[in-house]
Amino acid sequence: MSSREDILKTLRQNQPPAVALPDTQPFAGMKPVNADQFIQTFKTIGGALYEARDYAHVEEILRADFAAFPLKRTTLPQLSGIADTSWFTVDPHTLHDTEVMIAEALFGVCENGAVWITEQQMVQRAAMFIPEHLVMLVSKASLVATMHDAYVRIAELHNGPYGFGAFIAGPSKTADIEQSLVLGAHGPRTMTMMLLP
Amino acid sequence: MNQPHKEHAELAEKFNADEDRVNWHDETLWWIRQKRDKIVWQLPEWEQLRETASQIKHNVLSHLSEYLLEFEANAQKNGVTVHWAANGEEHNKIVYKLLKEQGVTQMVKSKSMLTEECHLNEFLEKQGIEVVDTDLGERIVQLAKEPPSHIVLPCIHWKKEEIGELFHKFLGTPEGNADPQFLTHAARLALRQDFLTRKVALTGVNFAVAETGEFVVCTNEGNADMGAHLSNVHIASMGIEKLIPKRKHLGVFLRLLTRSATGQPITTYSSHFSKPRPGQQMHIILVDNGRSVHLGKEEFRNSLKCIRCGACMNTCPVYRRSGGHSYHNAVAGPIGSILAPNFDMRKNADLPFASTLCGSCSNVCPVKIDIHDQLYKWRQVLAKEGHTPKAKTAAMKVMAVTLSKPGIFTVAGKMGRIVMRNVPGLVNNKLNPWFKQREMPEAPKESFREWYQKNRKK
Amino acid sequence: MKVGLFIPCYVDQFYPQVAIASLQLLEKLGCEVEFPMKQTCCGQPMANSGYEHLTAGCNDNFVDNFAGFDYIVCPSGSCTLHVKDHLHSHKNEQAAVTIRKRIYELSEFLTDVLQVKGLQARFPHKVGFHQSCHGQRGLHMSQMSELVAEPFSKPEQLLNQVEGIELVALTRKDECCGFGGTFCVAEEAVSAKMGKDRVADHLKQEVEYIAGADMSCLMHMEGILRRQKSPVKVIHIAEILNSTLHEPTA
Ligand code: SF4
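Residues numbered from 1 in each chain as written. Chains lettered and ligands numbered in written order. Predicted model: local features only at pLDDT ≥ 70, side-chain atom pairs only at ≥ 80, totals over all residues. Heavy atoms only, no water.

Each partner contributes residues to the interface: chain C has 73 residues there, and chain B has 78 residues. Of all residues in chain C, C:Val148, C:Arg172 and C:Arg227 give up the largest surface area on contact with chain B, accounting jointly for 11% of the area buried on that side. The tally of links between chain C and chain B comes to 13 salt bridges. Residue B:Arg321 is joined to C:Glu175 by a salt bridge in which the shortest nitrogen-to-oxygen separation is 2.8 Å. In this assembly, chain C and chain B are joined by 39 residue pairs in polar contact (both at pLDDT 80 or more). With nine residues, helix α11 (residues 188-204) of chain C is the largest single contributor of residues to the side of chain C that touches chain B. Considered class by class, the residues forming the side of chain C that touches chain B number 36 nonpolar, 20 polar and 17 charged. (Contact = heavy atoms within 4.5 Å. Buried area = accessible area lost by both parts, 1.4 Å probe. Salt bridge = Lys/Arg side-chain N within 4 Å of Asp/Glu carboxyl O. Polar contact = N/O pair within 3.5 Å; in protein donor to acceptor, adjacent residues only side chain to side chain. Helix = DSSP H or I, 4+ residues; strand = E, 2+ residues; numbered from the N terminus. Nonpolar A, V, L, I, M, F, W, Y, C, P; charged D, E, K, R; others polar.)

Right under this line is the structure:
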């Protein structure tokens, strides 16, 4: 007998009597959307945040505050004036030299400052993890209150599998050395949120 | 791995030889417990969330075979290859076979307690494969040739100066530099090269969703993603108990996991893998390694609900003062002590006794595992199956007789006091572990029983 | 109201003043108290060591002694919890079930059953209160710091009625003292370290007394205090609640 059959057989013998699933519905919509909470939380988890009016304003901010990093790439054609968009089909390893990556998330979560983004918006999966700095656009109107609401939104947004999706909450970090927090572990060393209306 | 090992008490005593270090270890972990307290108090619905998570896990355990099949079918539909491993050895062989198919001798790995449990690294090393652990803490203990001492904080027992020395030796950092920022950066640069050059990446799995066939990996460092997205082959190893029924249940578990683990609202990355990227292979290895048998033990099956947050370790006053390695098991602390005897009752018979049964672990557990009750129940099993010291069993038998016969009791108790009062040298000596750091209570002139006889029974 | 007083074996032998205070306090509050002379032990030392299967005789003896009382009261959370959770009797399971329902730790008996308000007691000292784990997490005598739930404390509710007492706040309000039954000798190093740390927390607050509702924890901490030649004393809550203008009996 294969291991698969073996395991399944033992499980069937040993499973306790069926227990019903609890209702998780009450958790969704339990709390109001609170943009200030999103802003504050994102800052506490090590992020920087700008409130931007539109793409032009984002571009303005990037020109001013990210001038030190010439190698910018973006997933957004709207920002091709300031960042490279010719990398969509390259070998992801070559993205290693990216200084700033600019992308747009589908929505943000107030309770933890995370944003949800899938492969489609990432263009390449590695693109969100390999740059030195990550800039993420998200609209205020998209915010949800909690992770329960987040999965309700995900169900609305995607009918079918998304290949890859991630909640990203701030710059990569570690506290493995004596619990002192260091930003910039293996992924981006900073994350900047551009909060659009 | 097969050498005879020392027991928890002895290893803990060694750990306690350096009291300052124990204080430091205790304070560090207590600080994490406090961060956890602070953040959970921001959610008035916290206890309701724990209860819900617990119930979802009960449902999972009662339908595990069905969910596994559902997950397998959905993952396959997504283009993922699903493997089944009855034990650690089979798991390791599957990984090795995949590496051989690629013709590679190197692999990057992100945190996976399961691979620790399976002793994957040792196995692959013997086959000439070099595994690089990419979680910073795991990399540190790997360079030091040690197992992790904590499931979430693998090198919590290491001081920064020691890590500075280790990095000086292995990564060529300047001698004497112990700045966490600097050392982390050095590790980032070194591991970046590994990410860019390895063709196979192995990750753990935090949750796998039966409904969709996707799995979720949570890290703060981004190491799982760096490995997976730059690899040609992504292998994800998971214990079969990691399943959850529906995607929406992630809402419950992701809220609980990191708040319990480190006091953060969420990990930096919660990555949902459902299909391989074009041109990539994705493999999931479903590992049993005793879990299906464990499921049949009514009193102990609840420990399979564990989501490996580590909160029970951070709160455990014994763990904080004995260190992870004193548990001589891949998973240390309270949860390790109830999981380990399932694998090897004789070898791990000491662990359920490495606790005062204070119950703090059960209270912080986000999935409400009755950890301290299970410790108590394991003690009963171990004593009955003869895994406790013979002298203790003999003493307990004497005690049992004495306590059921009141006449003997009064005499024995009195005798005890007479000895204590008159010949302190007999009891207060070095052979009595109590006396090493504590005085014995002073025996009073008369017992309560005697007082009562005189004052109330006239 | 007929109350059976259950005195843990080591309290009977080493801390008779605690038993006396418990008895006098209950009598003062109008209970008709009896101490059944043939009681021995709750069996916990055996059970926590893994030998619950040897406790049948001890349990039967417990049932013989305590069947028939309206309430069974015990000045130890740990022993009370053990009886509540594990008392069975082949000879008379019905009586065992009744006892499990009717047994109370002393302070919870005072707050929940007698609903004591306005105790006549005076204890003008600085006191740190040690929450014993079994009483707290097992019997829920006070809220546990791990839970997101309304705080309360039955022992403190009583101590707050005592004139002149100053209760200090501890840094870690409900950490275990490390006694743990046979743990205190089997795991000597960790046990003693836990005890030392717990004592240090109280000493940092400059207490005169470490009080508690479980003599086993207090015995542990007393052993450490005396080894350190500290003037700080341990005292059972019954002694404080029973104290009048006089100093507690040593
Ligand atoms: S037993 Fe509970 S607290 Fe401990 S690691 Fe598992 S989930 Fe976390």
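The next thing to look at is helix α12 (residues 215-227) of chain C. The end-to-end C-alpha separation of α12(C) is 18 Å, in line with the 18 Å expected for 13 residues at 1.5 Å each. Listed in full, the buried residues belonging to α12(C) are C:Met215, C:Ser216, C:Cys217, C:Leu218, C:Met219, C:His220, C:Met221, C:Glu222, C:Gly223, C:Ile224 and C:Leu225. (Expected span 1.5 Å × (residues − 1). Buried < 20%, exposed > 50% of the residue type's maximum accessible area, 1.4 Å probe, protein only.)

Moving on, we get to the site of the ligand. Around the ligand sit B:Cys306, B:Ile307, B:Arg308, B:Cys309, B:Gly310, B:Cys312, B:Ile335, B:Cys365, B:Pro366, B:Val367, B:Ile369 and B:Ile371, and that is every residue in its neighbourhood. Its residues assigned to classes, the shell around the ligand comprises 10 nonpolar, one polar and one charged. (Near = heavy atom within 4 Å.)

If you check UniProt for "domain: LUD" (unreviewed entry), the listed places come out as residues 97-195 of chain A in our numbering. The span residues 97-195 of chain A carries 15% helix and 33% strand; its end-to-end C-alpha distance comes to 26 Å. (UniProt positions renumbered as here; feature names shortened; annotations may be inferred.)

All names here are of chain B. One open sheet holds the six strands; their spatial order is β1-β10-β7-β4-β2-β3, and the pairing between them is parallel. Of all strands in the sheet, those bounded by a partner on one side alone are β1 (81-85) and β3 (130-133). With strand direction ignored, the average angle separating the axes of adjacent strands in the sheet is 25 degrees. Pairing between β1 and strand β10 (residues 281-287): five bridges, direction parallel. When the bridges of β10 are listed, tryptophan 84 appears paired with leucine 286. The strands that helix α4 (residues 64-77) touches are β1, β7 (233-239) and β10; relative to β1, the one it contacts most, it runs at about 145 degrees. (Pairing = 2+ DSSP bridges. Axes fitted to C-alpha atoms, helices over the stretch in contact; angles between N-to-C directions.)

Here we come to the interface of chain A and chain B. Counting residues at the interface gives 71 residues for chain A, matched by 98 residues for chain B. Both sides of the chain A and chain B interface together cover about 6900 Å² of buried area, and 61% of this is carbon and sulfur. For the interface between chain A and chain B, the tally reads five salt bridges. A salt bridge links B:Arg188 to A:Glu132; its shortest N-O distance comes to 2.9 Å. On the surface where chain A and chain B come into contact, there are 38 residue pairs in polar contact (both at pLDDT 80 or more). Listed by contribution, the elements that provide at least two residues to the side of chain A that touches chain B are α1 (3-14), α5 (147-157), β7 (164-168), β8 (173-174) and β9 (182-183) of chain A. Looking at the side of chain A that touches chain B, the element that brings in the most residues is α1(A), giving eight residues. Grouping the amino acids of the side of chain A that touches chain B by side-chain chemistry returns 37 nonpolar, 23 polar and 11 charged. In this sheet, strand β9 (residues 269-273) of chain B lies alongside β7(A) in antiparallel orientation, the contact comprising five bridges.

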